[in-house]
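Descriptive analysis of the structure
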Amino acid sequence: MKTLLPTSTAGSLPKPSWLSEPKTLWSPWKLEGAALVEGKQDALRVSLAEQQLAGIDIVSDGEQTRQHFVTTFIEHLDGVDFEKRETVRIRDRYDASVPSVVGAVARAKPVFVEDAKFLRSLTKAPIKWALPGPMTMIDTLYDGHYQSREKLAWEFAKILNQEARDLEAAGVDIIQFDEPAFNVFFDEVNDWGIATLERAIEGLNCETAVHICYGYGIKANTDWKKTLGQEWRQYEEIFPKLQKSNIDIVSLECQNSRVPMDLIELIRGKKVMVGAIDVASETIETPDAVADVLRKALQFVDADKLYPCTNCGMAPLSREVARGKLNALGAGAQIVRNELLA
Ligand SMILES: [Zn+2]
């Protein structure tokens, strides 16, 4: 990447209200059949245009074609029954009715590759594509088949690797795995979580990223954050091992979070997507507030490895707020870029 401080978002952006109900996770589609296919593509076009207008350097699909960042991928796999639902505790935080693993999991055909090709056809800018990580996938399911979190994670890692290779062939520049579960299950992350992630990126030539956050700005997450105390040191548990992994980029939550910035030192050498936009607040950051976070991060990450980003996805926000935050991110990065080049 030649651009200094290339900006991107963690992934999701709000969908237009004609496509699905705003500010709702797992919101049902408002269109059907061919109109839905066309509607998703139009939403992707709008989402891309808004990123470009805000000066975002590494663009994404804004996850306009997915209902949810984990579930939509799983829906396309064999071995998971979406009718047979069980209630499980997600990330030790909230109960949700989830589908069941009823047989061997497999990917019958590519899931997002056509969408990625479509995005590729619309822009020459670098593209980042988000996939759920193995540990976050198993945490969003009831497993009545393997009955082993680790075993199921390895199976998903193989499937993710197939999808990632196809995405790379479609022209994706950075493949990102979303692993909010890495902030919760530290022992498992160190025992096999990072290893399964490395299985998912095996053989890839494109860049790879892992996104580890404190979740969307939904109530279950903001309530959980209140229990974490003055300093959030979760990253400290997993960074040493992550630093030694083959993952190129680590995407983190930094704006308005209580994560001590010096923890970034523990992944020295990695590229860091520094979250400089709080997705749990409707308040639009000023460009100066964004610049401030980036300047602090620069103490612990070399300028050529700093990628300004959002803390997490912005799907649950209004489009107006998300647009304002995108603009603030672009403008804030430009302030620091000018300082570095001066
Ligand atoms: Zn996130």
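Below, the structure is looked at part by part.

1. Points about the overall build of the protein chain
For the protein chain, the count of helices and strands is 10 helices and nine strands. Its C-alpha atoms give the protein chain a radius of gyration of 19 Å, near enough to 20 Å, the size a compact globule of 342 residues would have. C-alpha extents for the protein chain along the principal axes are approximately 60 × 45 × 40 Å. The burial tally for the protein chain puts 46% of its 342 residues in the buried class. Summarising the internal contacts of the protein chain: among those between residues at least 6 apart in sequence, 77% fall at separations of at least 24.

2. A closer look at the sheet that holds strand β6 (residues 207–211)
The sheet built from six strands is open, its strands ordered β3-β5-β6-β7-β8-β9 with parallel pairing. Of all the strands in the sheet, just β3 (128–132) and β9 (306–309) have a single pairing partner and so form its edges. Pairs of neighbouring strands in the sheet enclose a mean axial angle of 25 degrees, with direction left out of account. In the sheet, strand β7 (residues 249–253) pairs with strand β8 (residues 271–275) via five bridges, with the strands oriented parallel.

3. A word on the environment of Ile264
Along the chain, Ile264 turns up in the loop between β7 and β8. By the C-beta count within 10 Å, which is 24 here, Ile264 ends up buried. For the pair Ile264 and Arg323, spaced 59 residues apart in sequence, the C-alpha separation works out to 28 Å.

4. What to know about the sheet that holds strand β2 (residues 94–107)
With mixed pairing, three strands are arranged side by side in an open sheet as β1-β2-β4. Either end of the sheet is taken by a strand with one partner, and the two such strands are β1 (77–90) and β4 (142–143). Pairing of β2 with β4 involves two bridges; the strand directions are parallel. If you follow Val101 over to β4, its bridge partner there is Asp143. Against the sheet, helix α5 (residues 149–169) makes contact with β1, β2 and β4, and its axis sits at roughly 70 degrees relative to β2, the strand it touches most.

5. Things to note about helix α10 (residues 319–341)
For α10, with 23 residues, the first-to-last C-alpha span of 33 Å sits near the 33 Å given by 1.5 Å per residue. Restricting attention to buried positions, one finds in α10 the residues Ala322, Lys325, Leu326, Ala328, Leu329, Gly330, Gly332, Ala333 and Val336. Tucked inside the fold, the buried residues of α10 contact α1 (33–53), α9 (287–297) and β9.

6. What about the packing of α9 against α10?
For the pair α9 and α10, interaxial distance at closest approach is 7 Å and the crossing angle is 55 degrees. With respect to α10, the axis of α9 lies oblique. By crossing handedness, the relation of α9 to α10 is classed as right-handed. When α9 is examined against α10, the residues Pro287, Val290, Ala291, Leu294 and Arg295 are found in contact with a partner set consisting of Ala328, Leu329, Ala331, Gly332, Ala333, Ile335 and Val336.

7. Observations concerning the environment of Thr65
Residue placement: Thr65 occurs in the loop between α1 and α2 (71–75). Judged by the 23 C-beta atoms lying within 10 Å of it, Thr65 is buried. In this view, Thr65 contacts Lys40, Leu44 and Asp115; residues no more than four positions away in its chain are not counted.

Criteria and cut-off values
- Residues numbered from 1 in each chain as written.
- Predicted model: local features only at pLDDT ≥ 70, side-chain atom pairs only at ≥ 80, totals over all residues.
- Helix = DSSP H or I, 4+ residues; strand = E, 2+ residues; numbered from the N terminus.
- Rg over C-alpha atoms; globule rule 2.2 N^0.38 Å.
- Buried ≥ 20, exposed ≤ 12 C-beta atoms within 10 Å, placed from the backbone.
- Contact = placed C-beta atoms within 7 Å.
- Pairing = 2+ DSSP bridges.
- Axes fitted to C-alpha atoms, helices over the stretch in contact; angles between N-to-C directions.
- Expected span 1.5 Å × (residues − 1).
- Parallel < 35°, antiparallel > 145°, perpendicular 65-115°, else oblique.
- Left-handed = near helix turned anticlockwise from the far one by under 90°.

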